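# Structural characterization, general
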Amino acid sequence: MTALVTHAEALTGLLSSWLPKQRWFGDKQSHIDDVSVVKADTWFDDLPSGGPRLDHVVVGVASGGRVERYQLLVGLRRGELPERLDHARIGPVEDLVAYDAAHDLDLTGEIRDLIAANKDVGGVRFRHEPGAVIDTDLASRPISAEQSNTSVVFGGEYIMKLFRKLDRGVSPDLELHRALRSVGSEHIAELYGAIEGELQDAPVTYGLLQKFFANTADGWAMATASVRDLINEPETPIAELGSDFSTEACRLGQAVAAVHRDLVTALGTEVVPVDRLDSVVAGMNARLDAVLRRVSGLAPFEPGIRRVFAEVADHGEPVIVQRIHGDLHLGQVLRTLQGWVLIDFEGEPARPLPERVAKMSPLRDVAGMLRSFDYAAHHLLVGHVEAEEIDPSVDERVVEWADRNRAAFIEGYAKDGITLADPEANPALLRALELDKAVYEVAYEYDNRPSWVDIPLRSIARLATT
Ligand SMILES: Nc1ncnc2c1ncn2[C@@H]1O[C@H](COP(=O)(O)OP(=O)(O)O)[C@@H](O)[C@H]1O
Ligand SMILES: O=P(O)(O)O[C@H]1O[C@H](CO)[C@@H](O[C@H]2O[C@H](CO)[C@@H](O)[C@H](O)[C@H]2O)[C@H](O)[C@H]1O
């Protein structure tokens, strides 16, 4: 244990420069002031026989006046790293080389095996869900999409997500998958297992094991393929495009509605009375304030945005709230053989946990998806072409594509009459939620993909001024 802690502390010296380069690292703007070890344990050790060791290290990262906790899976090997792991190198730690073990398929297999065996290591509980039998022979591979967390696939059967930023409390991704499983929801990936524990006197979720849908396309890939065809075939009416997405958009709306109904069945509803709607507006304004402080390009739209937000409180009806997905977009939905499946119920990664687990209007998810149709329509143009250089006929077609699919999604959402909110009954709330999401996206793009920041900014210009 002493040697382990020494290694872990030697490691922190390397992390100030390594962490900001990771896609999953949240605060890309501030200088890291300090990295300290919160918890360190060895999960697997083959060093005595010349193999790797897997250390589980939780670090506290102080930056921008806050301390966030991150989970690291640290592989340690003697001598040179195999070439396949070179991209994952963190640096030398005493006589060993440290690297990100989430990329070491031998070690990720060991983690899966701990779940299959219901083991406890260093106070961490590896558990499979009741009745789930995990095949431990399947080889693992990393997935190419490196996002807020790190995921590994096993033989086209399972996907294991290892959370990076750790919240104080059970992850909504785990909580909602369990809740949806308990009511037999058909539009989620079945949960097979989880890695949980306690950290600094609060529950923590380290990972999830779920059904992997092989050979599926996500909504973003399908929608953007459709937009590409639309641009490449300027003479073909949208409805006649082989890749027209509107039927799928409608089915997607039905699937989202079914998940919302299931969430109500599992976790209930609350009502925000009319005289409390100003607190909803205050929340939106506070998020806007935070982004305005960072992104000057948003300033010209501030009065228009605040006006749209203010209209929410003028609505004469109470708003019914429930647990929702919280960060729904086309990249979070998979078209599988069993229909559309929603993944990643964590909510917006940048929001604090208490906000992410709060009940909210289901229209927030609807708004997220509407924003995504806008993104899919415009992303091929924005960042590559100056606004004034966009051929107006191309612009008209992508706007028509977005309108068509947004309408189809809303039609599908309302079709079966199974949800608590009709998107067309409260246009002021829907518009404000779209703007709130677009404001969030401005900050997200500013941090992660600066050349995309014009996508939400141009939508804000439209939503806040019309
Ligand atoms: N059950 C699944 N089946 C197939 N692919 C999946 C599944 N879950 C996630 N993925 C793929 O992994 C990617 C990352 O998963 P996600 O849960 O969104 O992680 P993150 O929290 O890092 O954003 C998704 O965009 C999708 O491509
Ligand atoms: O999937 P995550 O939970 O990591 O969500 C974050 O990243 C998303 C991008 O990967 C981001 O989504 C934004 O870009 C999408 C296209 O890449 C677009 O479909 C979404 O509408 C847009 O919001 C998401 O906001 C962020 O939280």
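Residues numbered from 1 in each chain as written. Chains lettered and ligands numbered in written order. Predicted model: local features only at pLDDT ≥ 70, side-chain atom pairs only at ≥ 80, totals over all residues. Heavy atoms only, no water.

As recorded in an unreviewed UniProt entry, the chain goes by the name Maltokinase, listed as coming from Cryptosporangium phraense. Among the UniProt annotations of the chain, the heading Sequence similarities (unreviewed entry) holds the following wording: "Belongs to the aminoglycoside phosphotransferase family." (UniProt positions renumbered as here; feature names shortened; annotations may be inferred.)

### A short note on the sheet that holds strand S18 (residues 339–342)
A sheet is described by the order of its strands in space; here 3 strands give the open sequence S14-S17-S18, paired in antiparallel fashion. Each edge of the open sheet is held by one strand with a lone partner, namely strand S14 (217–218) and S18. Direction of pairing for S14 relative to strand S17 (residues 333–336): antiparallel, over a ladder of 2 bridges. What sits directly across from alanine 217, in S17, is arginine 335. (Pairing = 2+ DSSP bridges. Helix = DSSP H or I, 4+ residues; strand = E, 2+ residues; numbered from the N terminus.)

### Section: the environment of aspartate 167
On the secondary structure map, aspartate 167 appears in the loop between strand S11 (165–166) and helix H3 (172–182). Owing to a relative accessible area of 16%, aspartate 167 belongs among the buried residues under this scheme. Sequence separation between aspartate 167 and valine 204 is 37 residues, and the spatial gap between their C-alpha atoms is 6.5 Å. Setting aside anything within four residues of it in sequence, one finds aspartate 167 in contact with Arg69, Pro203, Val204, Leu353 and Arg356. (Buried < 20%, exposed > 50% of the residue type's maximum accessible area, 1.4 Å probe, protein only. Contact = heavy atoms within 4.5 Å.)

### Quick notes on helix H4 (residues 219–232)
The first and last C-alpha atoms of H4 sit 20 Å apart over 14 residues, in line with the 20 Å expected at 1.5 Å per residue. Considered for burial, the residues of H4 that qualify are Gly219, Ala223, Thr224, Ser226, Val227 and Leu230. Along the axis of H4, the buried residues cluster in a sector spanning 150 degrees; they form a single face. Buried residues along H4 sit in contact with S14, S17, S18, helix H9 (363–378) and helix H10 (392–415). For H4, the capping residue at the N-terminal end is aspartate 218, with a side-chain oxygen 3.1 Å from the backbone nitrogen of tryptophan 220. (Expected span 1.5 Å × (residues − 1). Arc of directions from axis to C-beta. Polar contact = N/O pair within 3.5 Å; in protein donor to acceptor, adjacent residues only side chain to side chain.)

### Observations concerning the site of ligand 1
Around ligand 1 sit 16 residues in total, of which Gln147, Asn149, Lys161, Lys211 and Phe213 are the nearest. A distance of 2.8 Å is found between an oxygen atom of ligand 1 and a backbone nitrogen or oxygen belonging to asparagine 149. In the model, a nitrogen atom of ligand 1 is placed 2.8 Å from a nitrogen or oxygen of the lysine 211 main chain. Relative to its free-state accessible area of 550 Å², ligand 1 is covered by the protein chains to the extent of 91%. Class assignment of the residues belonging to the shell around ligand 1 gives a composition of 7 nonpolar, 5 polar and 4 charged. A domain-level breakdown of the shell around ligand 1 finds at least three residues from each of domain 2 (106–211) and domain 3 (217–465). (Near = heavy atom within 4 Å. Areas by Shrake-Rupley, 256 points an atom, 1.4 Å probe, with all protein chains shown as cover. Nonpolar A, V, L, I, M, F, W, Y, C, P; charged D, E, K, R; others polar. Domains from an automatic or database assignment.)

### Focus: the domain arrangement of the chain
For the chain, the domain assignment lists domain 1 (3–101), domain 2 (106–211) and domain 3 (217–465). Contact with domain 1, which involves 25 residues of that partner, is made by 25 residues of domain 2. Summed over both partners, the interface of domain 1 with domain 2 comes to about 2,200 Å²; 60% of that surface belongs to carbon and sulfur atoms. It is Trp43, Arg69 and Gln71 in domain 1 that bury the most area against domain 2; as a group they hold 37% of the surface buried on that side. Viewed at the interface, domain 2 and domain 1 are joined by 3 salt bridges. Close ionic contact of arginine 84 with aspartate 106 constitutes a salt bridge, the shortest N to O distance being 3.8 Å. On inspection of domain 1 and its partner domain 2, the count reaches 8 residue pairs in polar contact (both at pLDDT 80 or more). Mapped by element, the contributors of at least two residues to the side of domain 1 that touches domain 2 are strand S1 (32–45), strand S2 (53–63), strand S3 (66–78) and strand S5 (96–100). (Buried area = accessible area lost by both parts, 1.4 Å probe. Salt bridge = Lys/Arg side-chain N within 4 Å of Asp/Glu carboxyl O.)

### Describing the pattern of salt bridges
Throughout the structure, instances matching the rule amount to 43 salt bridges. Residues arginine 89 and glutamate 80 are paired through a salt bridge, measuring 3.4 Å at the closest nitrogen-oxygen approach. Owing to a relative accessible area of 64%, glutamate 80 belongs among the exposed residues under this scheme. Aspartate 436 serves as the salt-bridge partner of arginine 287, at 3.0 Å between the closest nitrogen and oxygen. Placement of arginine 287 in helix H6 (residues 277–294) and of aspartate 436 in helix H11 (residues 427–448) is noted, with a sequence separation of 149 residues between them.

### Points about the pairing of strand S4 (residues 89–93)
Bridge count for S4 against S5 is 4 bridges, and the pairing is antiparallel. Paired with glycine 91 across the two strands is alanine 98, which belongs to S5. If you look at the hairpin formed by S4 and S5, you'll find 2 residues sitting between the two strands, and glutamate 94 has a positive phi there, around 50 degrees.

### Brief notes about the UniProt feature "domain: Maltokinase N-terminal cap" (unreviewed entry) in the chain
According to UniProt, the positions carrying the feature "domain: Maltokinase N-terminal cap" (unreviewed entry) are residues 18–104. Helix makes up 1% of residues 18–104 and strand 55%, whereas the separation of the span's terminal C-alpha atoms amounts to 18 Å.

### Some details on unusual backbone geometry
For aspartate 201, which is not a glycine, the phi torsion comes out positive at approximately 65 degrees. Counting through the fold element by element, aspartate 201 comes out in the loop between strand S12 (191–199) and strand S13 (202–211). On the basis of relative accessible area, aspartate 201 is assigned to the exposed category, the value being 81%. Positioned with a positive phi, asparagine 215 is a non-glycine residue whose angle comes to about 55 degrees. Here asparagine 215 is to be found in the loop between S13 and S14. Given a relative accessible area of 84%, asparagine 215 falls into the exposed group.

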